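# Overview (structure and organization)
Residue-level listing of the chains:
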Amino acid sequence: MNSDAPSPSSSGSSSIDDWSTLSNDLLQGLVHALNNRLSALGALTELARLRDERVDPLAELPAEIAQLQGLTGLFALLPERRADAEALELAAALGDAMRLHEHHLRLRAERCEVRYEGTPVPVRAPRWALVRTFVMLVHAAKRSGEATSERRAVPIIVRSDASTVSVCVSTGADASHDLLAVGERAGGEFAREDDLLIFRIPTLSELRRREREARA
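Residues numbered from 1 in each chain as written. Predicted model: local features only at pLDDT ≥ 70, side-chain atom pairs only at ≥ 80, totals over all residues. Heavy atoms only, no water.

Another aspect to go through is the nonpolar core. With 46 residues, the main nonpolar core has L130, F134, L137 and L179 as its most contacted residues. Of the residues forming this core, the biggest block, 11 residues, is contributed by helix α4 (residues 127-146). When neighbours within four sequence positions are excluded, L179 is seen to be in contact with I16, T133, M136, L137, F190 and L197. (Core = buried A, V, L, I, M, F, W, Y, C linked by side-chain atoms within 4.5 Å. Buried < 20%, exposed > 50% of the residue type's maximum accessible area, 1.4 Å probe, protein only. Helix = DSSP H or I, 4+ residues; strand = E, 2+ residues; numbered from the N terminus. Contact = heavy atoms within 4.5 Å.)

Okay, here's the thing in structure tokens:
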């Protein structure tokens, strides 16, 4: 059974967490990771003060700095931004979303596996909106995987053709108002095909074709 316009359910069935709940959980996980890195830097500082010859703190410092820079990049993905749409590699945005969700305190042990059907192609969207859409889809996929007894990576399927990219996750949860709204901000729309929740977004080449037609 197919449906082209999923809507938030008011019948009491489960829905994907709203962004305020999800972002709060992610923020707690990021703060936990940040505290771990600060503790590691503190330990290196103490070793340097003690001049412990078994460990060279300066040799360890670049790796710690790189991890801190990675965390600050993930923090930067959380807020909504006033940004225009830009050309983006969908695979990179999905990778950012997966790395961010790895810090969810309850679901960080769950893993996702991206399966590409067709060559990934560029899209155009505000980066924050596209990444947030994907974070919420990753969350839905992991919640669905958590509910099963099988301990395996949860698949996220990305289907591409000349005009559309579709990101599909298996979940029985309804799309929340937040997910529908941010997906629209990203320039896409949602549909449901049986147990798959699908986010569809036009490719960059398709948007340019439409713009050429509009000018003609």
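With five bridges joining them, strand β7 (residues 189-193) and strand β8 (residues 196-202) adopt antiparallel strand pairing. When the sheet's bridge partners are listed, E189 is paired in β8 with R200. Hairpin connection between β7 and β8: a loop of two residues separates the two successive antiparallel strands, and D194 in this loop has a positive phi of roughly 55 degrees. (Pairing = 2+ DSSP bridges.)

Turning next to the packing of aromatic side chains. With the rule as written, the count across this model stands at two aromatic pairs. Plain terms: the ring middles of F134 and F199 are 6.2 Å apart, the flat faces sit at 85 degrees to each other, and that makes the pair edge-to-face. Of this pair, F134 sits in helix α4 while F199 is found in strand β8, placing the two residues 65 residues apart along the sequence. Since its relative accessible area comes to 0%, F199 is described here as buried. Between F190 and F199, the aromatic rings sit 5.1 Å apart at their centres with planes inclined by 45 degrees, giving tilted as the arrangement. Residue class for F190 comes out buried when judged on its relative accessible area of 5%. Members of the aromatic cluster, joined through ring pairs, are F134, F190 and F199. (Phe/Tyr/Trp six-rings, centres within 6.5 Å; stacked < 30°, edge-to-face > 60°.)

In this model, helix α3 (residues 90-101) (12 residues) spans 17 Å end to end at C-alpha, consistent with the 16 Å of a helix rising 1.5 Å per residue. Among the 12 residues of α3, nine are classified as buried, and the element is accordingly described as predominantly covered. Every buried residue of α3 is listed here: L90, A93, L94, G95, D96, A97, M98, L100 and H101. (Expected span 1.5 Å × (residues − 1).)

The next point concerns the packing of α4 against helix α5 (residues 177-185). Look at α4 against α5: their axes get within 8 Å of each other, and the N-to-C directions meet at 145 degrees. Where α4 crosses over α5, the handedness of that crossing is left-handed. Facing α4, whose interface residues are W128, A129, R132, T133, M136 and L137, α5 presents D178, L179, V182, G183 and R185. A class-by-class count of the residues in the contact of α4 with α5 yields six nonpolar, two polar and three charged. (Axes fitted to C-alpha atoms, helices over the stretch in contact; angles between N-to-C directions. Left-handed = near helix turned anticlockwise from the far one by under 90°. Nonpolar A, V, L, I, M, F, W, Y, C, P; charged D, E, K, R; others polar.)

Per the stated rule, a full pass over the model turns up 13 salt bridges. The closest approach of N and O atoms between R37 and E64, which form a salt bridge, is 2.8 Å. Remark: E64 occurs in helix α2 (residues 57-75) and R37 occurs in helix α1 (residues 19-50); sequence separation between them is 27 residues. There is no split in this pair, since R37 and E64 are both buried. The closest approach of N and O atoms between E206 and R210, which form a salt bridge, is 3.0 Å. In this pair, E206 and R210 both sit in helix α6 (residues 204-215), four residues apart, roughly one turn of the helix. Given a relative accessible area of 10%, E206 falls into the buried group. Its relative accessible area of 42% is what places R210 among the partly exposed residues. (Salt bridge = Lys/Arg side-chain N within 4 Å of Asp/Glu carboxyl O.)

What follows concerns the packing of α1 against α2. Two elements in contact, α1 and α2, have axes whose closest approach is 10 Å; the angle formed by their N-to-C orientations is 165 degrees. When the axes of α1 and α2 are compared, the pair comes out roughly antiparallel. Seen along the crossing, α1 lies across α2 with a hand that is left-handed. Here α1 contributes L27, L30, V31, A33, L34, R37, A40, L41, L44, L47 and A48 to the contact with α2, which in turn contributes P57, E60, L61, E64, Q67, L68, L71, L74 and F75. Partitioning the contact of α1 with α2 into residue classes produces 16 nonpolar, one polar and three charged. (Parallel < 35°, antiparallel > 145°, perpendicular 65-115°, else oblique.)

A few words now on the pairing of strand β6 (residues 164-170). Across the seven residues that make up β6, a large majority, five, are buried. Strand direction decides the pairing type here: strand β5 (residues 154-160) and β6, joined by five bridges, are antiparallel. Directly across from S160, in β6, lies its bridge partner V165. Here β5 folds back onto β6 in antiparallel fashion, the turn holding three residues.

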